[in-house]
Amino acid sequence: MSKLALKAAKICLESNDWTGAETQSRKVLSFDPQNYTAHLYLGLSLFNLGNYEESEKAYRQAIDIEVDERQRKSRKENPASWQGLLKLYEAQKRIDEHMDATIQLARIFQDQDDRAKCQTIIEKTVALAREDGSKNQYRRALSILLPGSPVFDYLEGLIARPDQTYLKLAEIVEAEEKERINKEIANRRSRLGAVLGQVTTEVRREVWGASPLEEYYQNILNWSDDEELRRQIDCKLLRHGYEKLMVFPKENKLEQRVKVENWARGLVILKYPFELAWRIVIEWKDCESIGDHDVNVLREYIQFFPDNGLAISLKVFLDSEISPFPKTPEGDKQGGSPSAPEGEQPDNNAEDAAAPEQLLDDMIDGVEKCPASIMCHRILGDCYLLLDEYENAVDTSRNGKKLVLAESQRTGLAFQKTQDALTVTLGTALIHYQAPKHHTEARSLFEIVLKHNPSYGGALVGLGLILEEQGDYSSAAELLHKALSKDPNNIRIMSEAAWCNVLQENYNIGQQSLENCLEKITGIDPRSRDLKAQILWRIGTCIWYSDEEARRDRKGPYHYFIAALQSNQNFAPAYTSLGCFYADIMSDKPRANKCFQRAFEISAGEVDAAERLARSFAESREWELVEIVARRVAEADKKRSIPGKGLSWPQSAIGVVELNNQNYNLAIQSFQSALRGSPKNFHSWVGLGEAYASAGRYTAALKVFDRAAMLDETNWFAKYMLANVRRELGEFELACEGYREVLALREREFGVLVALSETLVAMAWKYIETGYYGRAVDSVVECMSVAEKVVEERSDAFNLWKTVGDACMLFSWVQNLAHRFPRTQVLRLVEGDFEVSEFDIMADADEVSDIALQKMKDGELDDVTAAVYTGILAYKRAIFATADDRHAHAVAWYNLGTAEYRVYVALKKREMKHRLAAIRCFKRTIKLEPGNHEFWNALGLATAELNPKIAQHSLVRALYINDKNTRVWTNLGALYTIQENYALANEAFSRAQSTDPEYALAWVGQGLIATIFGEAREAQELFQHAFEISDQSLVSSSERNTLPKKQFITATFDTLVKTKSEPALASILTPIFALEKLESQLSKIPAVLQLSALFDERVDDFNSACEKLERVCSIYEELYEETESDEDLMKFAQSKADLARMQLGLHQYSDAIENALMALDLSGELEQLQTSRLSAHLTAGLAHYYSHQMDESLEMFKSALTESEENPDVICLLSQVLWAKGGEEERDVARDQLFASIEANPEHLGSILLLGTIGVIDRSEDVTEAVLNDLRSFRAKAGLPRDVRERIDNLLTAIAQLSSDETGDVDATAIAASAVFMRPAATENWSRLASVAEDAFAAETALRVALSTKDCDCERLSKAYAGIAKVGCDLRAIFLAPWMTEGWEALKGDVKA
């Protein structure tokens, strides 16, 4: 049955009845499931019906059945099932399954030895994968054709060659890797913090690390016999391996680098023109010298790549004189390389004739074309060294070292020898570039090389040259001999070693060695001629220094210098030495200068020649040429000078030029540069100090001059400049000490004497400003002694007479010290060796001439007048001394005018002649110099009251010239104030303040305006501010010294007089100090003395007050005797009244009574002296009272009462006297007077307090009740001073304690407690409560409050300690205020307890 069904199935298949075939096949399988043919038919029918899945299962079942059958029966495998699968997979485009099936089917055909079918299916699956598969599937399909495949050996020769297949695979992988790399880079570069270069490296490392390309390329090379293809693959393999090396990590580079080097070397051996291979072989060769390279490789590289930058550099190098390789024979050049075009021959003559400049240009062109080439930079650096282009050599070598470092990181090669070679080139260039600036760096470079290669010749030579420049000739010679042992035929090293012997003064050995070197020079090339010229010059120099007698011999040094020039006409040192021969030996300066000029033209680094030229130009005053020479030397890269001599003079000369041109910053830079080369050059330090001082950098100048003085302690100039700087800094004392030190070395040095005298005067003015008037006079006295020495040297010096005049006029500011004026000494100065007629200038106006001198000799003039007149005479002498200088002459007239005006202001008799003389002087100085605002300002001041229009014009003119001058604005404001135009005055003062807020007189002016408008408090604040800022001023201006003090003191006293309460001591300390300084300046002005006495009275200094008032009385008495003026008489009477009051304070009652009575007698009935009469009555009354003369006292108080029109304060004093007299009648009168006073003046607290006190003492409840309500009302008022409140509280407490009823103590405690409640921060309230209530807590609180209060005085604190009832606190109370009884009484009680 199954066979019939099977036949039926076959018939259906043949007739393409796929459904019937499926039915019959399944019928067969239902009877025989293991029927191979049925499964095969079923698979075919299902395939054609499109049921691929069931069809594949059927085919697979058939294959499995057939495998079992072949195991039972030995027969070959039937390919039908696999062929069915192959069609099925092909229809479904299932490439991978198709390839698996193809391999199985190919094995079956191989077993059947059917090559055609095997080849067909293999080619078909490759075609299918190429057309419909992916790249990976295509690569797998191609791998079937490669060695190692199951069918490769069987089909070899019928399928494609392996090299072609590998080539296709390589092309596929190349495209895939390129695409993947680009895609990954694009994805990763957008990540946060990603860096493109880092991302690129990471992606390439990942892709190329797993790349099979290297294997493919190697297999292509193994199978291909096409040489051209092999070379192309060699290049690809090298390129791929090189790129992999660039991105591999350091630990993986070694193996890859070895392979890359081998591949590159193979291409070079084959002479294949692949540029990367040649560059790797050339650039990666680590060698000490370029001569270690294979010259054939270099030349072949040039022939293959003639337009490449490295080829250009190598070609120039091989053709240059620095090449260590022999020149190419002419035949070889013509034969050339096979790659050279036939019939094209190089132009040898053109190459040989190429100039060094052309060679350098070609090398630079090579570097520009190949900027990453280490070899190009190495060659160019050597070329720059040959041409003495040291700056370019430095830059090129540094760039080369950077390239070496970068290449080492990329390839993993150390390049140690290459690095050393570039380091030595850099160090050698640094030796000569801006020598000796970079010697330290160069030395460190050579030492680094020698550390790992002690025998490196170039480093030994370089270090030896540095030591030679630094003067360490023995060490230099040792290094050079060491280098010579490695290269014994190097004449240059030999000559340098010989020169070191010469420099060590081993002249015979050195000369012999140099002569041996000379014999070995046989070449005639430029380098040989240069070396020969150098050796000849050195031999001549050796003879020059070894034998002074031989210098004149024309066959001696002169012969060798000429021979050197014959060998090299541009050898600059020979010209310099020849110039020295003509200058020092032959005394032929014109010829010597020509030699120096020629040497300098050839080489600006010939320092000695340049210095001699500069000195020659300086002698002829050609300063521009001096600057040109100095700058050229300073800018020269390589400098040569006499061994051991510094190279600082060019920079110093430039510094001097810049200093003269007032380019101080450039001068500073030049001197600093000079000091770097010669740090112990004294003149450079001095120049640097001058530049600093001129630039206003005095602190730096101070340090520099200190250093200069340390370098040469015997040189006076540095000390002099140091003193000048100290004077500029205002350190006049130290400056004077410096000048004195200089004068100890040079006693008669005119400039130092003048500087000392000027500094002494400046110091005196500083002392005036700071209040040290005695020191100021001491400085003036010393100044006169110095001036005498100046006169002996030069009597016509303007600065001398100005200084003398300033010193004399200083006594007008310290008139109380005028007795120390060195009259005799000054007279000797003024009566020096010159015409007395010089003093007749302005004598018709001021009457100060030689006649005044005679009066001074005769003692007819007081000290102040003598001092100021002598100052005027000195200024007149200065006018003659400045006759030839217009500006100085104008200043001299201005000084004279200022002195005349000062005399007018300072002397008691304000004589108009001096003011008129001042005006004439100011007009004269304005004619000489009309553009000076100070002169116009002075004229405005002098004419202020005389002619306001001229004064205003002058001040406005001064402001037109300089509207930023504060003093002029202030003077204009003062002028407007005098003319009562207060609005303009206030505006001018405000403008002055805005221009300079620290100018005191502007504030004084506004204070005066405020005073005029009655704003006393604002005026007081302005005057105080003016006084405070005037103390900070260091400007020696007269008005700034006195006027702020005057106005401040006067305003303060007026405020104190109007204040009803006693002022705090701190509030009057400042005006007292100001008065002390003002008194020293204006000691003979009685108003100042009298005001000072009144302030002394405020602080209970009655002794000082009496002394001053006695002087005031004497002055007014003398004035009255001279003038008999009523004004002087009234002031005398006021002074007597004040004196009587001070004597009362000293308990000198009889003197007080006498002076008070005299004041009363002198005052008469003058209304202006009413206050003085009242003061005299009260003083006399109190003096009589304390003298126990009660009747006289009562009479005086009655008169005072009448005089004061029953002033309540006078009534209080009268009541106290009446009460003290003791009679009942007098006491009744006292009570009545007080009641009447309170009735008339209910707000007079003094009367109420006094009446209450009397009531307490009398225990009169009527009286105490009368004042109790008034005291309580006053107690509740705000704004009462602290002491007044304390008196009220004490009286209320006392009244309560003296109450007759039993509640007296309770009431007293209540009153004390209420005081604490009203003012808890008052220590005295707690102390009172503690005393009344005997409360320990209140006592402790009083102490805590006292300790925490900032303004608690010692008396209150003492009381607080005394209330604690402890012995330790009692002792502290006594220590704080031993005059207080509370502490002693507390101690007594506590000790007894």
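Just so it is clear, the structure is predicted and the values come from calculations on it, not from any experiment. (Residues numbered from 1 in each chain as written. Predicted model: local features only at pLDDT ≥ 70, side-chain atom pairs only at ≥ 80, totals over all residues. Heavy atoms only, no water.)

Peer 1: Would you explain the overall build of the protein in this entry?
Peer 2: A tally of regular secondary structure across the protein gives 74 helices and 0 strands. The buried share of the protein, taken over its 1393 residues, is 50%. In the protein, of all internal contacts separated by at least 6 residues, the share reaching a separation of at least 24 is 56%. (Helix = DSSP H or I, 4+ residues; strand = E, 2+ residues; numbered from the N terminus. Buried < 20%, exposed > 50% of the residue type's maximum accessible area, 1.4 Å probe, protein only. Contact = heavy atoms within 4.5 Å.)

Peer 1: Explain the packing of aromatic side chains to me, please; I cannot follow it from the model alone.
Peer 2: We describe a pair of aromatic rings using the distance from one ring centre to the other and the angle between the two ring planes. Enumeration over the complete set of coordinates arrives at 21 aromatic pairs. With a centroid separation of 6.0 Å and an interplanar angle of 50 degrees, the aromatic rings of Tyr 720 and Tyr 739 are classed as tilted. With a gap of 19 residues between them, Tyr 720 in helix α39 (residues 716-728) and Tyr 739 in helix α40 (residues 732-745) connect regions that are remote in the sequence. Classification of Tyr 720 by relative accessible area gives buried; the value is 17%. Ring geometry for Tyr 901 versus Tyr 904: centroids 6.0 Å apart, planes at 40 degrees, classification tilted. Of this pair, Tyr 901 and Tyr 904 both sit in helix α48 (residues 886-906), 3 residues apart, which is roughly one turn of that helix. Owing to a relative accessible area of 9%, Tyr 904 belongs among the buried residues under this scheme. An aromatic cluster is defined as three or more aromatic residues linked by ring pairs; in this entry it consists of Trp 278, Tyr 301, Phe 304 and Phe 305. Above the plane of the ring of Tyr 456 lies Lys 486, whose end atom (NZ or CZ) is 6.0 Å from the centre. Over the aromatic face of Tyr 558 sits the side chain of Arg 554, whose NZ or CZ is 4.6 Å from the ring centroid. (Phe/Tyr/Trp six-rings, centres within 6.5 Å; stacked < 30°, edge-to-face > 60°. Lys NZ or Arg CZ within 6 Å of the ring centre and 35° of its normal.)

Peer 1: Would you take a moment to explain the packing of helix α5 (residues 80-92) against helix α6 (residues 95-111) for this structure?
Peer 2: When two helices pack together, you describe them by how their axes are tilted relative to each other and by the distance separating the axes. One way to put it is that α5 packs onto α6 with a least axis distance of 9 Å and a crossing angle of 155 degrees. Taken together, the axes of α5 and α6 lie roughly antiparallel to each other. Crossing of α5 against α6: the hand is left-handed. Of the residues in α6, those in contact with Trp 82, Gln 83, Leu 86, Tyr 89 and Glu 90 of α5 are Glu 97, His 98, Ala 101, Thr 102, Gln 104, Leu 105, Ile 108 and Phe 109. For the contact of α5 with α6, the class distribution of residues is 7 nonpolar, 4 polar and 2 charged. (Axes fitted to C-alpha atoms, helices over the stretch in contact; angles between N-to-C directions. Parallel < 35°, antiparallel > 145°, perpendicular 65-115°, else oblique. Left-handed = near helix turned anticlockwise from the far one by under 90°. Nonpolar A, V, L, I, M, F, W, Y, C, P; charged D, E, K, R; others polar.)

Peer 1: I'm lost on the environment of Leu 722 in this one. Help?
Peer 2: Structurally, the position occupied by Leu 722 is in helix α39. Leu 722 gets classed as buried once you look at its relative accessible area, which sits at 12%. The sequence separation of Leu 722 and Asp 706 amounts to 16 residues, and the corresponding C-alpha distance is 7.0 Å. Aside from chain neighbours lying at most four places away, what touches Leu 722 is Leu 702, Phe 705 and Asp 706.

Peer 1: Please explain unusual backbone geometry as it appears in this structure.
Peer 2: Apart from glycine, the bulk of residues carry a negative phi angle, and the bulk of peptide bonds sit in the trans form. For Asn 16, which is not glycine, the phi dihedral falls at a positive 60 degrees. Turning to its location among the elements, Asn 16 is positioned in the loop between α1 (2-14) and α2 (18-31).

Peer 1: How should I be thinking about the nonpolar core in this particular structure?
Peer 2: One recurring pattern in soluble globular proteins is that nonpolar side chains are buried together. In terms of nonpolar packing, the biggest core is built from 191 residues, with Leu 238, Leu 314 and Trp 649 touching the most fellow members. Beyond its immediate chain neighbours, meaning those up to four positions away, Trp 649 contacts Val 607, Ala 610, Glu 611, Ala 614, Val 629, Ala 630 and Val 633. Core analysis: the next-biggest nonpolar cluster, separate from the first, contains 137 residues, Tyr 692, Trp 801, Val 864 and Trp 893 among them. (Core = buried A, V, L, I, M, F, W, Y, C linked by side-chain atoms within 4.5 Å.)

Peer 1: Help me understand the pattern of salt bridges, please; the structure alone is not making it clear to me.
Peer 2: One side chain can pair with another of opposite charge once the charged atoms of both are near each other. Scanning all chains against the criterion turns up 39 salt bridges. For Lys 236, the salt bridge goes to Glu 174, with nearest N and O atoms at 3.7 Å. In this pair, Lys 236 sits in helix α13 (residues 227-247) while Glu 174 sits in helix α10 (residues 162-188), placing the two residues 62 residues apart along the sequence. Linked by salt bridges that have partners in common, Glu 56, Arg 94 and Glu 97 make up one network. (Salt bridge = Lys/Arg side-chain N within 4 Å of Asp/Glu carboxyl O.)

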